[in-house]
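Fold and contact review
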Amino acid sequence: MEKIEYQQINETLYKEVLDNGLKVFLLPKPGFHKTYGLFSTNYGSIDNAFGYEKDAIQHVPDGIAHFLEHKLFEKEDGDVFHVFGEQGASANAFTSFTRTSYLFSASDRVQDNLTTLLNFVQEPYFTKETVEKEKGIIGQEIQMYEDDANWRQFFGIIGNLFPNHPLHIDIAGTVASIAEITAEDLYLCYNTFYHPSNMTLFIVGDFDPNEMLEYIRQNQEAKEFEPIRPIIRQFPNETYEDIVPFAQLALPVTRTKSVIGIKGLLENLPEDEVEKIKFRLSLQLLFQLLLGNTSDNYLELYQEGVIDDTFGFELTIDRGFYFADFSSDTDQADDFEHAIRKILLTFDTSEAVNDEALTLLKKKMLGKFFQSLNSLEFIANQFTQDLYETVTLFDIPEIIQQIELADILKAGHSFIRKEAFSRFDVIPQQDLAKE
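On a predicted model such as this, the values are computed, not experimentally measured, just so you know.

So, on to the environment of Phe84. Mapped onto the elements, Phe84 comes out in helix H2 (residues 80-86). A residue is classified by how much of its surface remains accessible, and Phe84, at 1% relative accessible area, is buried. Residues Phe84 and Leu117, 33 residues apart in the sequence, show an inter-C-alpha distance of 8.7 Å. Discounting residues that sit within four places of it in the chain, Phe84 has contacts with Ala89, Ala91, Phe104, Asn113, Thr116, Leu117 and Phe120.

Below, the discussion takes up the sheet that holds strand S6 (residues 58-59). Judged by pairing direction, the sheet is antiparallel, and its 3 strands sit side by side in the order S6-S5-S12 without closing on themselves. The open sheet terminates on both sides in strands that have one partner only, identified here as S6 and strand S12 (232-233). Judged from the 2 bridges that link them, strand S5 (residues 49-51) and S6 form a sheet pairing that is antiparallel. Note on S6: the bridge partner recorded for Phe50 is Gln58. Where helix H7 (residues 183-193) meets the sheet, its contacts fall on S5, S6 and S12, and the angle it forms with S5 comes to roughly 60°.

Its 18 residues give helix H12 (residues 355-372) an end-to-end C-alpha distance of 26 Å, which sits within 8% of 26 Å, the value for a rise of 1.5 Å per residue. Those residues of H12 not exposed but buried are Leu358, Leu361, Lys362, Met365, Leu366, Phe369 and Ser372. Buried residues along H12 cover an arc of 140° about the axis, so they all sit on one side. Seen from the open side of H12, the exposed residues pointing more than 90 degrees away from its buried face are Glu356, Leu360, Lys363 and Gln371. In this structure, the buried residues of H12 make contact with helix H9 (273-291), helix H13 (376-383), helix H14 (396-402) and helix H15 (405-415). Between the side-chain oxygen of the N-cap and the backbone nitrogen of Glu356 there are 3.2 Å, and the N-cap of H12 in question is Asn354.

If you look at the biggest cluster of nonpolar residues, it comprises 83 residues, and the most contacted ones within it are Leu344, Phe394 and Phe415. Setting aside chain neighbours within four positions, we find Phe415 in contact with Ile262, Lys263, Gly264, Phe279, Leu283, Phe287, Leu315, Tyr322, Phe323, Ala324 and Ala420.

This part takes up the pattern of salt bridges. Applying the stated criterion across every chain yields a total of 19 salt bridges. A salt bridge links Asp425 to Arg423, with the shortest nitrogen-to-oxygen separation between them at 2.7 Å. Judged by relative accessible area, which is 2%, Asp425 ranks as buried. Overlapping salt bridges, with partners in common, bring together Asp334, Glu337, Arg341, Arg423 and Asp425 in one network.

With that settled, the discussion passes to the pairing of strand S3 (residues 23-28). For S3, the tally of buried residues reaches 5 of 6 residues, placing the bulk of the element in the interior. Across 4 bridges, strand S2 (residues 11-17) lies against S3 in antiparallel orientation. Residue pairing in the sheet places Tyr14 in a bridge with Leu26 of S3. Judged from the 6 bridges that link them, S3 and strand S11 (residues 199-205) form a sheet pairing that is parallel. Bridging from a neighbouring strand, Pro28 pairs with Gly205 of S11.

What follows deals with the side chain of Gln220. On the secondary structure map, Gln220 appears in helix H8 (residues 209-221). Note on Gln220: relative accessible area 4%, which makes it buried. Here Asn20 takes part through its side chain, which lies 3.1 Å from a polar atom of the side chain of Gln220. If near-sequence neighbours (up to four positions away) are discounted, Gln220 is found in contact with Leu18, Asn20, Leu22, Leu118, Gln122, Pro196 and Phe225.

Every buried residue of H13 is accounted for by Leu376, Ile379, Ala380 and Phe383. Seen along its axis, H13 keeps its buried residues to an arc of 95°; they face one direction. On the buried face of H13, the contacting elements are S2, S3, strand S4 (35-41) and S11.

With respect to topology, 5 strands assemble into an open sheet ordered S13-S17-S14-S16-S15, the strand pairing being mixed. On the outer flanks of this sheet lie strand S13 (246-251) and strand S15 (312-318), each paired with one strand and no other. Between one strand axis and the next, the sheet turns through 15° on average, direction left out of account. By the bridge criterion, 6 bridges tie S13 to strand S17 (residues 421-428) in an arrangement that is parallel. Paired with Ala250 across the strands is Ile427, a residue of S17. Across the sheet, helix H5 (residues 149-161) touches S13, strand S14 (256-263), strand S16 (321-330) and S17, and the angle it forms with S17 is around 150°.

Conventions we followed
- Residues numbered from 1 in each chain as written.
- Predicted model: local features only at pLDDT ≥ 70, side-chain atom pairs only at ≥ 80, totals over all residues.
- Heavy atoms only, no water.
- Helix = DSSP H or I, 4+ residues; strand = E, 2+ residues; numbered from the N terminus.
- Buried < 20%, exposed > 50% of the residue type's maximum accessible area, 1.4 Å probe, protein only.
- Contact = heavy atoms within 4.5 Å.
- Pairing = 2+ DSSP bridges.
- Axes fitted to C-alpha atoms, helices over the stretch in contact; angles between N-to-C directions.
- Expected span 1.5 Å × (residues − 1).
- Arc of directions from axis to C-beta.
- Polar contact = N/O pair within 3.5 Å; in protein donor to acceptor, adjacent residues only side chain to side chain.
- Core = buried A, V, L, I, M, F, W, Y, C linked by side-chain atoms within 4.5 Å.
- Salt bridge = Lys/Arg side-chain N within 4 Å of Asp/Glu carboxyl O.

In structure tokens form, the structure reads like this:
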């Protein structure tokens, strides 16, 4: 078992890759009462075209990753949530564009709950009857999100930026796509993406790492798995020319919700893992300098009524795609777009982007990061999001400290391009009627 010490944050991480390919990470936290276990597969909603050979790619209905997440909790003898509850644990699961994760937290009976976590995820049970029943449940969930203006706005801008990529499709799929899902589809996707070699187990809490690893090893050695086979995933090639510059949707909202998006191309993303994280952090720092809630730009736009308290921005960099979005409720959507574009496109001449401001912002970012490490829940949920072959969540402080103004300018020039922009508005229904 590999032992990795992070002296700056006083953490020791243990890593082991089992014979079946499962990557195990253990983070002992002596004195903490709760233990979190998170079991993740590198499989999400965008993975709908895949195979083991380039000339044998299979296409499946949208929404299967999320459907699988629901179905794995249901077994022939009952619901797994009930088992966790009887063992004094709480459990949850979530599906993103690229990952599906299952987790538990417990103060007692940690090994029992870990066994339950490993076994229920690795023992699928699907029948035609249970699949049909689940379609109605997930269909209601999809319809609920269709009434959520913020959710529709988010997928609206993604649809503008990535109209040909499965990224623009709701993580749960559509009512039409889930109607096509069969038990055979579920087993196909499960057997492909839930192989241990495509999965990560992360445990954080008060435990002995050697005892914990031996317990996990025994659990896995008692099971049989197919030989490890590399998975081929197929996605469309992305260009700036694909971008839809503007679109809008009328919903029962009182004010227009406008969002400006910027699309990144994979060819402009650093390949080196450390450089990739530095690129992401540099852009986050740049956006904070330009439009953070203490910046002059933010205060000016707020005072002019172009933005309000709903204003926010986010940078998403994940497997196979990246983009940024800047959104606000506004009565001046055209002014909002013009202002955001101008601020971003002229970043390299902005007085806000300077060494002194960057130094202060880096200290603030580091402080927030160190504070977040007091939460085992944060660590458990974020660890697999910042997991690469050679870099983990705990390398972030050192990378933040390395960032200089030149890194921020370089990242900005690589990402912020006028041809990469798009806008999407959710407008009040009565405004559409006037048009």
